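Summary of structural features
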Amino acid sequence: MAARPAPHVPAPAPLPAADGPWRDPALPPGERVADLIGRMTLEEKTAQLYGIWVGADADGDGVAPHQNDMVDPVDWEELTTRGLGQLTRPFGTAPVDPGVGALALARAQQRIAGAGRFGVPALAHEECLAGFTAWGATAYPVPLSWGASWNPELVTEMAHRIGCDMRSVGVHQGLAPVLDVVRDLRWGRVEETIGEDPYLVATVGTAYVRGLESAGVVATLKHFAGYSASAGARNLSPVRAGARELADVILPPFELAVREGGARSVMHSYAEIDGVPAAADPTLLTGLLRDTWGFEGTVVADYFGIGFLETLHRVAADRAGAARLALGAGVDVELPTVRSYGDVLTGAVREGAVPEELVDRALRRVLLQKCELGLLDPGWTPLPTALDGVEPGRERGRVDLDPPRNRALARQLAEQSCVLLANPDGVLPLRDGGRIAVVGPRADDPLAMLGCYSFPSHVGSVHPGTALGITIPTLLESLGAELPGAELSRTPGCEVDGTDTSGIAAATGLARAADVCVAVLGDRAGLFGRGTSGEGCDAADLTLPGVQSELLDALLATGTPVVVVLLTGRPYALGRWAGRPAAVVQAFFPGEEGGPALAGVLSGRVNPSGRLPVGVPYGPGGQPWTYLQPPLGLAGAVSNLDPTPLYPFGHGLSYTSFAWDPVGPVPAELPTDGSADIALTVRNTGDREGAEVVQLYLHDPVAQTTRPDMRLVGYARVALGAGESRRVRFRFHADLASFTGVGGLRIVEPGALDLRFASSSAAHDIRHTVRLLLTGPERTVDHRRQLVCETAVGPVT
């Protein structure tokens, strides 16, 4: 039988030319990107839609959920011939000298640009929640401390410094801020949030975005959306929030950061809301975020979030199905490493399961961002500014990511975020002399100052024996420096979360022999059960961890005045000891300069000015509860459980005193589309400088849906010298009274309103009330409404 002729195999089509108008920086970015997309193969297109996490592996303790299950081996040399979208955490995966890391990143970028046809480098991203998460970089206070400062301007300055440090070593994108609003204090990631009020979260979070973006680093809003409302406060649990809770509580911080903050990236949440995972929700990621709010940046996946559609949510049968759902919903970039958006996605497109138009849609957004960052320009160089003038081989020790100006800023923010909760007998400030017993498991540990996304806690903990990389004074050594004339004695008494009570006797012995006892209690930050606070470290209730409650009981029983200092990532229930400590000071992981800041508060060098961004509960149960409650959510005869906090949202004391005097006139009526200026004079009536935080709350007596009894709509931090007065003006717009009505639309409803000037969200802290009548028709408003209450602080005239 004659041999059959070999089948004809067509020659592969020639590749489009790499060069073209896209290389011309003088052309509009849209034209450049469109030209480049037209020259790319499908493999080159999809390569721009994922990152590679070179330092991650499937061994040991991961720094992301299910990391050990989700990391596949990658062929770096083969993958980079197609190009590469992102490099994941080149600094934040292992301890590396910043100069060495910058050079390694530059060389990696050079290889990536040299391997692909187009010479386009990757976009490098890092975590930067409490500072650049890199070895040797400044560890700033955590976001809950930002909220406690009530100082957006200072947060902007901090974020700018963080961004400058990141950009100087070649990083382009920062995965921060977290804009989740606290809904349940037991949730492990409370430390990463700014607080329990959407207005405070929105304004402080947007301030961070402005600072990071001003340094040329892409800010990434997370976690969009609903993540913090997980059922039972369990990490990644389903979210059962209703449409109004989402619209009026969860979404406003993202809305403000997109509309007014200039954020260029959004990270989808792990959450499923009413059965629909955020990563597969086109209504959320495209309909709301892009079509309604007008967002034009990139949506990136939370780590392994696309894979979770298959493995955890089970809304996809395989990796191709997960890619189809995520890409269709509007997720542009798969992070942290390639799993579904590489060959799997390419195959799905060729099989007709995923339209190539969806790939092109995501690709256009990715390349536009690279164009903005200069990564498509002919003059791009991989060498970052931090290595300018540094000879090759001499980069070690040449890059300082924790210079004195960073530390000074970290100190300032830490000082402003310390909250004096109680000081009934004026024991604070401590005098420089006498005997002070310093006890508790957090008094002499540098890590007591850091949250779980600071490098030493986040990464350093899995590299035992590695130096911290930064100097972190403990409270004990800081107190010794602050009060050199005092005799300090020290014993821990117990561990943070252990069960051993044998050390309590020694602690009480020291306390009895002292004039005053400083009890330093709190959390240990960690990941996925390796701490008492942090991602995956959710609490069963709000009892102090371990046997710290027993330690405090024993110390109070000695009769020695006890000053309680709390270094935590969440508030804990303190009602068991209400009125018993001589003083209580709360700090939320205040960063590398937290020790000196707290010691300054205890000594009186620093006048405390922080205010609570979350309430401090009375009892450890009864969660979830925040102050944003309608009447039936407050204490009443319908239930024997009283959810009233021991210390309310917005509470904080000072070593001086303030008087508030209203300034008129105030209009009695206001149109539903109008605004009015409302002012008061704040006077420091004490004998030392201080800062007051004037808070403006809205009370809506009657509305078509139930409303919180009080909710924050404005605030101003006012620094005053002894005897000084300042006038504070609030421009209240009727839009600030808007809410989601019965029909599901946001409305401004005519009727009576109370504007309450208060020093906290508690009714007993209301200083003055302004009554307004909104007149005119009911208005429907949208994202273009007035979102912020403008404030001005000036001299008294």
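Anyway, here's the lowdown on the structure attached to this text. What you are looking at is a predicted structure, and each value in this text was computed from that prediction instead of being measured.

1. Digging into the pairing of strand β18 (residues 675–684)
With 7 of 10 residues buried, β18 is to be regarded as a mostly interior element. For strand β16 (residues 658–663) and β18, the ladder comprises 6 bridges, and the chain directions are antiparallel. Bridging across to β18, V663 finds its partner in A679. Bridging between β18 and strand β21 (residues 725–733) involves 9 bridges; their strand directions are antiparallel. Within β21, the residue paired with T681 across the bridge is R727.

2. A closer look at the environment of E43
You can see E43 is positioned in helix α2 (residues 42–47). Along the primary structure E43 and V171 are separated by 128 residues, whereas in three dimensions their C-alpha atoms are 25 Å apart. Residues in contact with E43, not counting those within four places in the same chain, are R82, T346 and R350.

3. Looking at the environment of D541
On the secondary structure map, D541 appears in the loop between β13 (516–522) and α20 (548–557). The exposure class assigned to D541 is partly exposed, which follows from its relative accessible area of 34%. Separated by 344 residues in the primary sequence, D541 and D197 place their C-alpha atoms 21 Å from one another. Contact partners of D541, with chain neighbours within four places excluded, come to R186 and P620. Of the polar contacts made by the side chain of D541, one reaches the backbone nitrogen of T543; its length is 3.0 Å.

4. Focus: the packing of helix α18 (residues 475–482) against helix α21 (residues 594–603)
Two numbers describe how α18 lies on α21: the axes approach to 8 Å, and their chain directions differ by 50°. Judged by the angle between their axes, α18 and α21 are oblique. The hand of the α18/α21 crossing is right-handed. Mapping the contact onto sequence places L475, S478, L479 and E482 in α18 and G595, P596, L598, A599, G600, L602 and S603 in α21. Looking at side-chain class alone, the contact of α18 with α21 contains 6 nonpolar, 4 polar and 1 charged residues.

5. Brief notes about helix α8 (residues 198–214)
Here α8 contains 17 residues, and its C-alpha end-to-end distance of 24 Å stays within 8% of the 24 Å for a straight helix at 1.5 Å per residue. Judged by how many residues are buried, α8 sits mostly within the fold: 15 of 17 residues are covered. The backbone nitrogen of Y199 has a side-chain oxygen 2.8 Å away, supplied by the residue at the start of α8, namely D197. One or two positions beyond α8, positive phi appears at G216, with a value near 85°.

6. Some words on the side chain of E415
Here E415 lies in helix α16 (residues 404–417). When sequence neighbours within four positions are dropped, the list of residues in contact with E415 reads A597, R605 and V606.

7. Details of the sheet that holds strand β22 (residues 739–740)
Strand order across the open sheet formed by 3 strands is β22-β23-β26, with antiparallel pairing between neighbours. Edge positions in the sheet fall to β22 and β26 (779–780), since each has one partner strand and no second. As defined by bridge partners, β22 adjoins strand β23 (residues 746–748) across 2 bridges and the pair is classed as antiparallel. Paired with T740 across the bridge in β23 is R746.

8. A short note on unusual backbone geometry
Negative phi characterises most residues that are not glycine, and trans characterises most peptide bonds. With an omega of 5°, the peptide bond between L335 and P336 qualifies as cis. Its location among the elements puts P336 in the loop between α13 (319–329) and α14 (343–350). Omega for the peptide link from L428 to P429 comes to 0°, which places this bond in the cis form. Inspection of the secondary structure assignment puts P429 in the loop between β10 (419–422) and β11 (435–439). In this structure, W150 takes a positive phi of about 50° despite not being glycine. The class of W150 is buried, set by a relative accessible area of 1%. One non-glycine residue with positive phi stands out, namely D274, at about 55°.

9. Side note on the packing of aromatic side chains
Using the criterion set out here, one finds 15 aromatic pairs in the structure. Taking 5.5 Å as the distance between ring centres and 50° as the angle between the ring planes, the aromatic pair formed by W150 and F649 counts as tilted. Residue W150 is found in the loop between α6 (143–149) and α7 (152–168), and its partner F649 is found in the loop between α21 and β16; the two are separated by 499 residues along the sequence. A residue is classified by how much of its surface remains accessible, and F649, at 1% relative accessible area, is buried. An aromatic cluster is present here, built from W150, Y199, Y627, F649, Y697 and Y715 joined pairwise through their rings. Positioned above the aromatic ring of W660, the side-chain terminus of R767 is 4.5 Å from the ring centre.

10. Some words on the sheet that holds strand β24 (residues 751–758)
With mixed pairing, the 5 strands of this open sheet are ordered in space as β17-β25-β24-β19-β20. Both outer strands of the open sheet, β17 (669–671) and β20 (711–720), are each paired with one neighbouring strand and no more. Each strand axis lies, on average, 25° off the axis of its neighbour in the sheet, ignoring direction. In the sheet, strand β19 (residues 690–699) pairs with β20 via 9 bridges, with the strands oriented antiparallel. Within the sheet, the bridge partner assigned to L696 lies in β20 and is G714.

11. Points about the side chain of S609
Structurally, the position occupied by S609 is in the loop between α21 and β16. A polar atom in the side chain of S609 sits 2.5 Å from the side chain of R717. Those residues in contact with S609 that lie beyond four places of it in its chain are Q416, C418, A691, V693 and R717.

12. A short note on the state of the cysteines
Structurally, a disulfide amounts to a covalent bond that connects the sulfur atoms of two cysteines. Tallied over the full model, the rule gives 0 disulfides. Note on C418: no disulfide assigned, nearest cysteine sulfur contributed by C517 at a separation of 19 Å. For C418, a relative accessible area of 0% puts it in the buried group.

13. What about the pairing of strand β25 (residues 766–775)?
Relative to β25, β17 is paired through 3 bridges, and the arrangement is parallel. Residue pairing in the sheet places P671 in a bridge with T775 of β25.

14. Some remarks on the packing of α13 against helix α15 (residues 356–372)
Packing of α13 against α15 brings their axes to within 9 Å, and their N-to-C directions diverge by 55°. In terms of orientation, α13 and α15 fall into the oblique class. Between α13 and α15 the crossing geometry is left-handed. From α13, L327, G328 and A329 reach across to α15, where they touch L358, V359, R361 and A362.

15. Re the nonpolar core
Counting 210 residues, the largest nonpolar core has F132, Y208, F224, Y341 and F732 as its most contacted members. Ignoring any residue separated from it by four or fewer positions in sequence, one finds F132 in contact with F91, E126, E127, A137, T138, I162, D165, M166, V169, V171 and L401. If you look at the next biggest cluster of nonpolar residues, it comprises 33 residues, including V438, A443, V565 and L602.

16. Digging into the pattern of salt bridges
What the rule picks out here adds up to 43 salt bridges. With a closest N to O distance of 3.0 Å, R39 and D35 form a salt bridge. Residue R39 is classed as buried on the basis of its relative accessible area, which comes to 17%. On the basis of relative accessibility, which here comes to 19%, the residue D35 falls in the buried class. Here the residues in one salt-bridge network are D402, R407, R411, E592 and E593, joined through shared partners.

What counts and how
Residues numbered from 1 in each chain as written. Predicted model: local features only at pLDDT ≥ 70, side-chain atom pairs only at ≥ 80, totals over all residues. Heavy atoms only, no water. Buried < 20%, exposed > 50% of the residue type's maximum accessible area, 1.4 Å probe, protein only. Helix = DSSP H or I, 4+ residues; strand = E, 2+ residues; numbered from the N terminus. Pairing = 2+ DSSP bridges. Contact = heavy atoms within 4.5 Å. Polar contact = N/O pair within 3.5 Å; in protein donor to acceptor, adjacent residues only side chain to side chain. Axes fitted to C-alpha atoms, helices over the stretch in contact; angles between N-to-C directions. Parallel < 35°, antiparallel > 145°, perpendicular 65-115°, else oblique. Left-handed = near helix turned anticlockwise from the far one by under 90°. Nonpolar A, V, L, I, M, F, W, Y, C, P; charged D, E, K, R; others polar. Expected span 1.5 Å × (residues − 1). Phe/Tyr/Trp six-rings, centres within 6.5 Å; stacked < 30°, edge-to-face > 60°. Lys NZ or Arg CZ within 6 Å of the ring centre and 35° of its normal. Disulfide = S-S within 2.5 Å. Core = buried A, V, L, I, M, F, W, Y, C linked by side-chain atoms within 4.5 Å. Salt bridge = Lys/Arg side-chain N within 4 Å of Asp/Glu carboxyl O.

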